[in-house]
Amino acid sequence: MDRTGRCVNFGNCTLANQKQTIVMPSGLELKCPECGRTLVEITAQRSSSAGPTVVFAVALALLAAAGWFLWNSTHRSGSGGVDRTDSAPTSVPASSPGAGAPMLRLHGSNTIGEQLGPELAAAFLKSQGAQDVKILRDSPELIRVTGDGGSKLISIEARGSSTAFADLAAGKCDIGMASRPVKPGESTATTGDLTLPSAEHVLGLDGVAVIVNQNNPVEALSREQLSKIFAGVTTDWAQVGGKAGPIAIYARDAKSGTFDTFRTLVLGARDLAAGAQRFEDSALLADKVAGDPGGIGFVGLPYVRSAKAVAVSDKGSRALAPNRLTIATEDYLLARRLFLYDNANNTSQNVNWFIEFAIGKDGQDVVEKAGFVSQSVRAAAPVAVVAPAADSPDPYKKIIANAERLTLDYRFKAGASALDNKAVVDLGRLVDFLSALHYTGADLYLLGFADATGDPAVNLRLSKERAQAVAEQIERRGVKPGVITGFGDAMPVADNATDDGRQKNRRVEVWVKKR
């Protein structure tokens, strides 16, 4: 009988980083075919009804040759680039003994935990074949998702992103939900390095929308204007081009990842105004702003409701409104990633299967239905958004004149030329998209950009090298792009005077030629 396992040589082995399931024929030693480490055996093997199975098998062909032969079934799921199954098995054992013990415990972000987390958990249980799946809310922060009469249970605590990392370290949860990336110091000896691809998983994308009353004439605000408003320096709408009248500030609570993102990207060194009204509930905050002619606040994109979202700009960049394209490409100034974290040395089957489901096609469909921006690749539509700025380089305008922009940009690790964790998974998503719609490599355009630090000639070279780095990865997956070029520090999407701004500007746009 075949034996199944996973490699846990994280950081040193591709199969470990991608958490791929490895199947060995009976009689062979359970070792990783890439790095040779002994595998952690999975005792409960996936059901064949779970969809395509990723198999890295090693067979003993000839005793005289004493050689191992590797083969890889090439079934791919919608998780993109990473060979994963489409769903978890039809039966998942409880991760801890005892009647009623949760098979999974998810703690952290209110933004994720309020709606997306429960819906994702419910969809996951249904993918197991669970019946009578229910979402039970004991309080706004405590949610149980049950199936099969309560014999299957996923518990959710949504008390803010900071609790995700504290509870992971304390062993109080299996998966941390966060609407911001892990900070230095939040990885511990218990969790391992949470920035590793094996621990950090992008669930979806969101934008912190700045909202005002529908009748407010202000359509766009700069980062600096927003900083002064929310710090209480600017107190009247007339100071920012609106009708005279006092500004009323509404803000998320201090524990939320939404507030932490806003504080980092907008307030900077300033403190939130003492008179700001604070809310744990994003929907309630949005409703308060919608009913207040002088109100302004910030919420995740799904919670704008009947308020109006204003466009946001940074120094040297044009104002962009939060929508599915500007957030998917992360060009919108306040775009952010939503994360799932698990311990870097995790070997739990339940955790691995849930994460596989969440970042795969079925999970991304749930992300989309919950009002967030999924990572499914699409050709963007809105001409008003895609249209290049007037000061775009002429060669750029010429290249994109007969092309459509895809809903992803490739970005890089801070201070490095390597693709970041999301970009690595997006490589496969892009190839799957091209294959599904029968695009050829000649239809694919990769356009690189750099920040404005240093010599413009060097920046031009760097921008081309970034596009080439993405091209090389895609070529390894069987697709040779038709256009690979760079435009230096042109067309910044953020302020080049800040670390975050420079990081955003170092990117590769992806376009496809219209058919």
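Residues numbered from 1 in each chain as written. Predicted model: local features only at pLDDT ≥ 70, side-chain atom pairs only at ≥ 80, totals over all residues. Heavy atoms only, no water.

## Describing the overall build of the protein chain
When you go through the protein chain residue by residue, the secondary structure sums to 14 helices and 22 strands. Of all 515 residues assigned to the protein chain, the portion counted as buried reaches 56%. Of the contacts made within the protein chain by residues no fewer than 6 positions apart, 69% connect residues no fewer than 24 positions apart. Approximately 20600 Å² of the protein chain is accessible, and the part contributed by carbon and sulfur atoms is 53%. (Helix = DSSP H or I, 4+ residues; strand = E, 2+ residues; numbered from the N terminus. Buried < 20%, exposed > 50% of the residue type's maximum accessible area, 1.4 Å probe, protein only. Contact = heavy atoms within 4.5 Å. Areas by Shrake-Rupley, 256 points an atom, 1.4 Å probe, with all protein chains shown as cover.)

## What about the pattern of salt bridges?
On inspection of all chains with the given rule, the structure shows 34 salt bridges. Across the pair Glu330 and Arg337 runs a salt bridge, and its minimum N-O distance is 2.8 Å. Among the residues examined, Glu330 registers a relative accessible area of 8% and is labelled buried. Accessibility expressed as a relative area gives 15% for Arg337, which makes it buried. Via salt bridges that share partners, Asp331, Arg405, Asp409, Arg411, Arg507 and Glu509 belong to a single interconnected network. (Salt bridge = Lys/Arg side-chain N within 4 Å of Asp/Glu carboxyl O.)

## Concerning the sheet that holds strand 22 (residues 507-513)
For sheets, the rule is that strands pair by backbone hydrogen bonds, running either parallel or antiparallel. Read from one edge to the other, the open sheet built from 4 strands follows the order 19-22-20-21, with strand pairing classed as mixed. The outermost strands of the open sheet, each flanked by one partner alone, are strand 19 (403-411) and strand 21 (483-486). When strand polarity is set aside, the average angle formed by the axes of neighbouring strands in this sheet is 20°. Against the sheet, helix 13 (residues 456-475) touches strand 19, strand 20 (444-449), strand 21 and strand 22, its axis set at about 150° to strand 21. (Pairing = 2+ DSSP bridges. Axes fitted to C-alpha atoms, helices over the stretch in contact; angles between N-to-C directions.)

## Observations concerning the confidence of the model for the protein chain
Close inspection of predicted coordinates is inappropriate for parts of the model with low pLDDT. Summary statistics for the protein chain give a mean pLDDT of 84 and a share of 83% for residues scoring 70 or more. In the predicted structure, residues 43-99 sits below a pLDDT of 50 and forms 144 contacts with residues beyond four places in sequence or in another chain. (pLDDT = per-residue confidence, 0-100.)

## Examining the nonpolar core
Counting 43 residues, the largest nonpolar core has Leu116, Ile154 and Ile211 as its most contacted members. The element contributing the most residues to this core is helix 2 (residues 110-127), with 7 residues. If we ignore the near neighbours within four places in the chain, the residues touching Ile211 are Leu285, Ala286, Val289, Gly295, Ile296, Gly297, Phe298, Val299, Val304, Ala307, Lys308 and Ala309. With 37 residues, the next largest nonpolar core counts Ile229, Ala231, Leu301 and Ile327 among its residues. (Core = buried A, V, L, I, M, F, W, Y, C linked by side-chain atoms within 4.5 Å.)

## What to know about the packing of aromatic side chains
Two aromatic rings, taken as a pair, are described by how far apart their centres are and by the angle between their planes. Here the structure, examined in full by the defined rule, presents 14 aromatic pairs. Arranged with centres 6.4 Å apart and planes meeting at 25°, the rings of Phe259 and Phe298 form a pair that is stacked. Placement of the pair is Phe259 in helix 5 (residues 257-267) and Phe298 in strand 15 (residues 295-300), with a sequence separation of 39 residues. The exposure classification of Phe259 matches that of Phe298, with both residues buried. Here the aromatic residues Phe230, Phe259, Phe262 and Phe298 are joined through ring pairs into a cluster of three or more. The ring of Phe412 carries Arg466 above its face, with NZ or CZ at 5.8 Å from the centroid. Above the face of the Phe449 ring, Arg507 is positioned so that its terminal group lies 4.2 Å from the ring centre. (Phe/Tyr/Trp six-rings, centres within 6.5 Å; stacked < 30°, edge-to-face > 60°. Lys NZ or Arg CZ within 6 Å of the ring centre and 35° of its normal.)

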